[in-house]
Amino acid sequence: MKEKKKGFWREAIRVTQENDPAARTAFEVVLTYPGVKALAAHKLSHWLWNHGFKLLARMHSQFWRFWTQIEIHPGAKIANGVFIDHGSGLVIGETALVETDVKLYHGVTLGGTGKDKGKRHPQVHRGALISAHAQLLGPIEIGANSKVGAGAVVVADVPEDVTVVGVPAKVVRVHGQKDEQTILNLEERREASYHSSHSK
Ligand SMILES: CC(C)(COP(=O)(O)OP(=O)(O)OC[C@H]1O[C@@H](n2cnc3c(N)ncnc32)[C@H](O)[C@@H]1OP(=O)(O)O)[C@@H](O)C(=O)NCCC(=O)NCCS
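Residues numbered from 1 in each chain as written. Predicted model: local features only at pLDDT ≥ 70, side-chain atom pairs only at ≥ 80, totals over all residues.

Going by what an unreviewed UniProt entry lists, the chain is known as Serine acetyltransferase and is assigned to Lactococcus termiticola. Under the Subcellular location (unreviewed entry) heading, UniProt states for the chain: "Cytoplasm". (UniProt positions renumbered as here; feature names shortened; annotations may be inferred.)

**Q** Can you help me understand the overall build of the chain in this one?
**A** Summing up its helical and strand segments, the chain has five helices and 15 strands in all. For the chain, whose C-alpha radius of gyration is 17 Å, the value lies close to the compact-globule estimate of 16 Å for 200 residues. In terms of principal-axis extent, the alpha carbons of the chain reach across some 50 × 40 × 40 Å. Burial status across the chain gives 36% buried among its 200 residues. In the chain, the share of contacts with a sequence separation of at least 24, taken over all contacts with a separation of at least 6, comes to 32%. (Helix = DSSP H or I, 4+ residues; strand = E, 2+ residues; numbered from the N terminus. Rg over C-alpha atoms; globule rule 2.2 N^0.38 Å. Buried ≥ 20, exposed ≤ 12 C-beta atoms within 10 Å, placed from the backbone. Contact = placed C-beta atoms within 7 Å.)

**Q** Please explain the site of the ligand as it appears in this structure.
**A** As a matter of local geometry, the ligand sits amid 15 residues, with Ser-131, Ala-132, Gly-149, Thr-163 and Val-165 nearest to it. Of all the secondary-structure elements, those providing two or more residues to the shell around the ligand are strand E14 (162-165) and strand E15 (170-174). (Near = placed C-beta within 6 Å.)

**Q** Before we go on, may I ask you to explain the sheet that holds strand E6 (residues 103-104) in this structure?
**A** Pairing is mixed across the open sheet formed by six strands, whose spatial order is E3-E6-E9-E12-E14-E15. The sheet is open, and its two borders are formed by strand E3 (83-84) and E15, each paired with just one other strand. Docked against the sheet, helix H5 (residues 180-198) engages E14 and E15, running at close to 140° with respect to E15. (Pairing = 2+ DSSP bridges. Axes fitted to C-alpha atoms, helices over the stretch in contact; angles between N-to-C directions.)

**Q** Sorry if this is basic, but what is going on with the nonpolar core here?
**A** Buried together is how nonpolar side chains tend to be arranged in soluble globular proteins. Among the nonpolar cores identified, the biggest contains 44 residues, and Ile-130, Val-148 and Val-154 are the most heavily contacted of them. Looking at this core, the element that brings in the most residues is helix H3 (residues 34-50), giving four residues. Look past the residues within four positions of Val-148 in its chain and what remains in contact with it is Leu-129, Ile-130, Ser-131, Ala-134, Leu-136, Ile-142, Val-154, Val-158, Val-164 and Ala-169. (Core = buried A, V, L, I, M, F, W, Y, C linked by C-beta atoms within 7 Å.)

**Q** I would appreciate a short explanation of the environment of Gly-138 in the present structure.
**A** The residue Gly-138 is located in the loop between strand E10 (135-137) and strand E11 (141-142) in this model. Gly-138 gets classed as buried once you count the C-beta atoms within 10 Å, which come to 21. Sequence separation of Gly-138 and Pro-122 is 16 residues, and the distance between their C-alpha atoms is 5.8 Å. Not counting residues within four places of it along the chain, the set of residues in contact with Gly-138 comprises Gly-112, Thr-113, Asp-116, Arg-120 and Val-155.

**Q** I'm lost on helix H4 (residues 54-68) in this one. Help?
**A** An α-helical segment advances 3.6 residues per turn. Residues three or four places apart therefore align on the same side. The end-to-end C-alpha distance of H4, which contains 15 residues, comes to 21 Å, matching closely the 21 Å that a straight helix rising 1.5 Å per residue would cover. Burial in H4 covers these residues: Ala-57, His-60, Ser-61, Trp-64 and Thr-68. On an axial view of H4, the arc spanned by its buried residues comes to 95°, and they lie on one face. Facing away from the buried side of H4 by over 90 degrees, the exposed positions are Leu-55, Gln-62, Phe-63 and Phe-66. (Expected span 1.5 Å × (residues − 1). Arc of directions from axis to C-beta.)

**Q** Is there a simple way to think about the sheet that holds strand E13 (residues 153-154) in this case?
**A** Here five strands make up an open sheet; going across it, the order is E1-E4-E7-E10-E13 and the pairing parallel. Where the open sheet ends on each side, the last strands, each with one partner, are strand E1 (70-72) and E13. Relative to strand E7 (residues 109-111), strand E4 (residues 90-92) runs parallel, the two sharing two bridges. Its bridge partner lying in E7, Ile-92 is registered against Leu-110.

**Q** Would you take a moment to explain the environment of Gly-81 for this structure?
**A** Within the secondary structure, Gly-81 sits in the loop between strand E2 (77-78) and E3. With 43 residues separating them along the chain, Gly-81 and Ala-38 place their C-alpha atoms 13 Å apart.

**Q** Sorry, what's going on with unusual backbone geometry here?
**A** The omega torsion of the bond from Val-167 to Pro-168 falls at -10°, within 30 degrees of zero and hence cis. Looking at the secondary structure, you find Pro-168 in the loop between E14 and E15. With phi around 65°, Asp-101 is a residue other than glycine that occupies positive phi space. Relative to the assigned elements, Asp-101 resides in the loop between strand E5 (97-98) and E6. The exposure class of Asp-101 is buried, given the 22 C-beta atoms found within 10 Å.

**Q** Hey, could you run me through helix H1 (residues 8-19) in this one?
**A** With 12 residues, H1 ought to run about 16 Å at 1.5 Å a step, and its terminal C-alpha atoms sit 16 Å apart, in line with that. Among the residues making up H1, those that are buried are Ala-12, Ile-13, Val-15 and Thr-16. On its buried face, H1 is in contact with helix H2 (26-32), H3 and E3.

Pasting the structure below:
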């Protein structure tokens, strides 16, 4: 059966109240959360971008960047139910894809490495947590329900339900456990896949 699409505002209020105990009422969420404003504005920028009004779309997104300190390229694809906390300094690139229930904090970059053409920004799968100032670079995939630690620099795919930290980011937990052998195996696979995709 096809999943029913939930509206932007309902999802924005739900995800904010679920993730921030300080969010008291729906009215407060709509009025005071820069992430909610930036994502609502992105809906219009994205529509303009997809309907050929590219310059207007860029101008609109830059206007909201000024008000929210959150820069989302109008081409980025962002599902309803994404939570942006604080948000200042957050940058989301043109070919990024962000799925529902993803949490993004201030200072995060979903950016390019400067070396890729076409698809050059990350895809962040459902439920992933991207902590403050994490830098996710290149056309990489961040697995569902994974956690990226504050200040991490991620340049290779991250599997589902793991925690990665550091520069460059390495796996430190798998399904919440510090299972050394599983972590070692995953890291070997990540390294091999990173080197094979960068030797082309
Ligand atoms: C990564 C994070 C989400 C925790 O995930 P977790 O799966 O619960 O991981 P743990 O806390 O068990 O930490 C796992 C290991 O990584 C280390 N670690 C955790 N966060 C780290 C970070 N940001 N950088 C470097 N190492 C870190 C821990 O010390 C621990 O090390 P150990 O294996 O030697 O014991 C959390 O540490 C984090 O970075 N939160 C920031 C959230 C945020 O942005 N808040 C801003 C609110 S305004």
